[in-house]
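Architecture and fold: a report
Here's the letter readout for the chains.
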Amino acid sequence: MPHTSRKKRPTNTKRLQISDPSSGWTHITTTAHSSSTSNKNNTIDELLPAESPPKLTLPILQSQFATHKQKYDLSATAQTLRSTIRNIFSHHNHPDDDDGNDNLNKQLPTEIICIGLGSLSGLLRGGWVDRRRVSMYQLAALVGIIECFDTKRIPIYAQDPVFNTLDKALFSSLNITVVESPRAFESVGPRTLLFCPGAERAHLKDMMLRGPGVVVSSCDDDEILSNLNIGHDGNGHDDNGGDDNEKKEAKTRQGVKLPLFEEQESAFWGVGVYYY
């Protein structure tokens, strides 16, 4: 007797890691809508600038950002991040306390670098993925950090291959310079304030080897944090190679986890501030 029905095969949503050797970026995506799209096209969708709605303009985008920042600024997440950054650099309000050594906590950052923020105005993967709200709130957090400093003295860079023309215009209006890969990666050093709440683990691990002094990211991973210690000299190597020095570094590293951001939990899920 022939079967009248068959069990349907379960639909598996696979996670793919797509690498682009030319840019150095790796994106994690899913294949939920990939039946009519090749992996090659998915890669192109991921790495090209995001697609903005046709009627979106810079004034509208600025208004949207202002709304998101207003909500962010009222949150416990914003208060904790601002107070932590100010506490790290609070000695600059007391110049007489500077003892002249090279401790990272006694110097302003030489640059603020934002990696992997995502598009503020456009959709990803050919219109399938919309993470604009996440990017808006993360940008609000970055601007909150910038407001803690005299930005005329500190250059600010942002890098992501999905930035489009509108994104770049919004960054420019905020005095943030968009750079192409790998400039931001290569600029990370021991006096960098690195902001990368959404960076892929592989990129984060590599940047930690460059020893940034302050990191805002979800990098509470033993392997990544050990790289943060090893890279404290900014060259990716321990100064003297001794076990005692590594133990000393591990003791001096500190971290403050950000509280839950209820408006958009995924924007700062697991994010903390890590510093020496």
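- Per an unreviewed UniProt entry, the protein goes by SRR1-like domain-containing protein and derives from Aspergillus candidus.

1. Side note on the overall build of the protein
- Of the regular secondary structure elements, the protein holds 9 helices and 9 strands.
- Looking at the protein residue by residue over its 276 residues, the buried ones come to 44%.
- Residue pairs at least 24 apart in sequence account for 61% of intrachain contacts in the protein once pairs closer than 6 positions are excluded.

2. A closer look at the packing of helix α2 (residues 58–73) against helix α5 (residues 165–173)
- Where α2 meets α5, the axes come as close as 10 Å, and the angle between the chain directions of the two elements is 60°. Where α2 crosses over α5, the handedness of that crossing is right-handed. Of the residues in α5, those touching α2 at Leu58, Leu61, Gln62 and Phe65 are Leu166, Ala169, Leu170 and Ser173.
- Per-class residue counts for the contact of α2 with α5 are 6 nonpolar, 2 polar and no charged.

3. A closer look at the sheet that holds strand β5 (residues 177–178)
- With mixed pairing, the 7 strands of this open sheet are ordered in space as β5-β4-β3-β6-β7-β9-β8. Only two strands of the sheet have a single neighbouring strand rather than two, namely β5 and β8 (254–257).
- Looking at chain direction, strand β3 (residues 111–115) and strand β6 (residues 192–195) are connected through 4 bridges and run parallel. Within β6, the position partnered with isoleucine 112 by the bridge is leucine 193.

4. Details of helix α7 (residues 201–208)
- The complete set of buried residues in α7 reads His203, Leu204, Met207 and Met208. The buried residues of α7 occupy an angular sector of 135° when projected down its axis, which confines them to one face.

5. Quick notes on the packing of α2 against helix α4 (residues 132–146)
- With their axes 9 Å apart at the nearest point, α2 and α4 run at an angle of 70° to one another. Considering the angle they form, α2 stands roughly perpendicular to α4. Crossing geometry of α2 relative to α4 is assigned as right-handed. Residue-level contacts link Leu61, Gln64, Phe65, His68, Lys69, Lys71 and Tyr72 of α2 to Arg133, Met136, Tyr137, Leu139, Ala140, Ala141 and Val143 of α4.

6. Digging into the environment of serine 187
- Considering the arrangement of structural elements, one finds serine 187 in helix α6 (residues 183–187).
- Taking the relative accessible area as the measure of exposure, serine 187 reaches 28% and is therefore partly exposed.
- If sequence neighbours within four positions are ignored, serine 187 has contacts with Glu111, Ile113 and Thr192.

7. A short note on the pattern of salt bridges
- As enumerated under the stated definition, the model contains 7 salt bridges in all.
- A salt bridge links aspartate 73 to arginine 82, with the shortest nitrogen-to-oxygen separation between them at 3.4 Å.
- A residue is classified by how much of its surface remains accessible, and arginine 82, at 17% relative accessible area, is buried.
- Among the salt bridges present, the one from arginine 132 reaches aspartate 130, with a minimum N-O distance of 3.0 Å.
- On the accessibility criterion, arginine 132 (24% relative accessible area) is partly exposed.

8. Considerations on helix α3 (residues 76–88)
- Under the 1.5 Å per step criterion, the end-to-end length of α3 is 18 Å for 13 residues, consistent within 8% with the ideal 18 Å.
- Among all positions in α3, only Thr77, Ala78, Leu81, Arg82, Thr84, Ile85 and Ile88 are buried. Seen along its axis, α3 keeps its buried residues to an arc of 165°; they face one direction.
- On its buried face, α3 sits against α2, α4, β6, β7 (214–217), β8 and β9 (272–275).

9. What to know about the packing of aromatic side chains
- Scanning the model with the defined rule gives 6 aromatic pairs in all.
- On the numbers, 5.8 Å between centres and 35° between planes, the contact of tyrosine 72 with phenylalanine 268 is tilted. Here the residue tyrosine 72 occupies a position in helix α2, and phenylalanine 268 occupies one in the loop between β8 and β9, the gap between them amounting to 196 residues.
- With relative accessibility at 1%, the residue tyrosine 72 sits in the buried group.

10. A short note on the pairing of β7
- Neither face of β7 is left uncovered, since the one carrying Val214 and Val216 and the one carrying Val215 and Ser217 both have all their residues buried.
- Of the pairings in the sheet, the one linking β6 to β7 comprises 3 bridges and is parallel in character. Among the inter-strand pairings, phenylalanine 195 is bridged to a residue of β7, identified as valine 216.
- Considered for its hand, the β-α-β crossover made up of β6, α7 and β7 is right-handed.
- Where β7 lies against β9, 4 bridges are found, and the strand directions are antiparallel. Counted as the bridge partner of valine 214 is tyrosine 275 from β9.

Cut-offs used in this document
Residues numbered from 1 in each chain as written. Predicted model: local features only at pLDDT ≥ 70, side-chain atom pairs only at ≥ 80, totals over all residues. Heavy atoms only, no water. Helix = DSSP H or I, 4+ residues; strand = E, 2+ residues; numbered from the N terminus. Buried < 20%, exposed > 50% of the residue type's maximum accessible area, 1.4 Å probe, protein only. Contact = heavy atoms within 4.5 Å. Axes fitted to C-alpha atoms, helices over the stretch in contact; angles between N-to-C directions. Left-handed = near helix turned anticlockwise from the far one by under 90°. Nonpolar A, V, L, I, M, F, W, Y, C, P; charged D, E, K, R; others polar. Pairing = 2+ DSSP bridges. Arc of directions from axis to C-beta. Parallel < 35°, antiparallel > 145°, perpendicular 65-115°, else oblique. Salt bridge = Lys/Arg side-chain N within 4 Å of Asp/Glu carboxyl O. Expected span 1.5 Å × (residues − 1). Phe/Tyr/Trp six-rings, centres within 6.5 Å; stacked < 30°, edge-to-face > 60°. Right-handed = clockwise from strand over helix to strand, strands pointing away.

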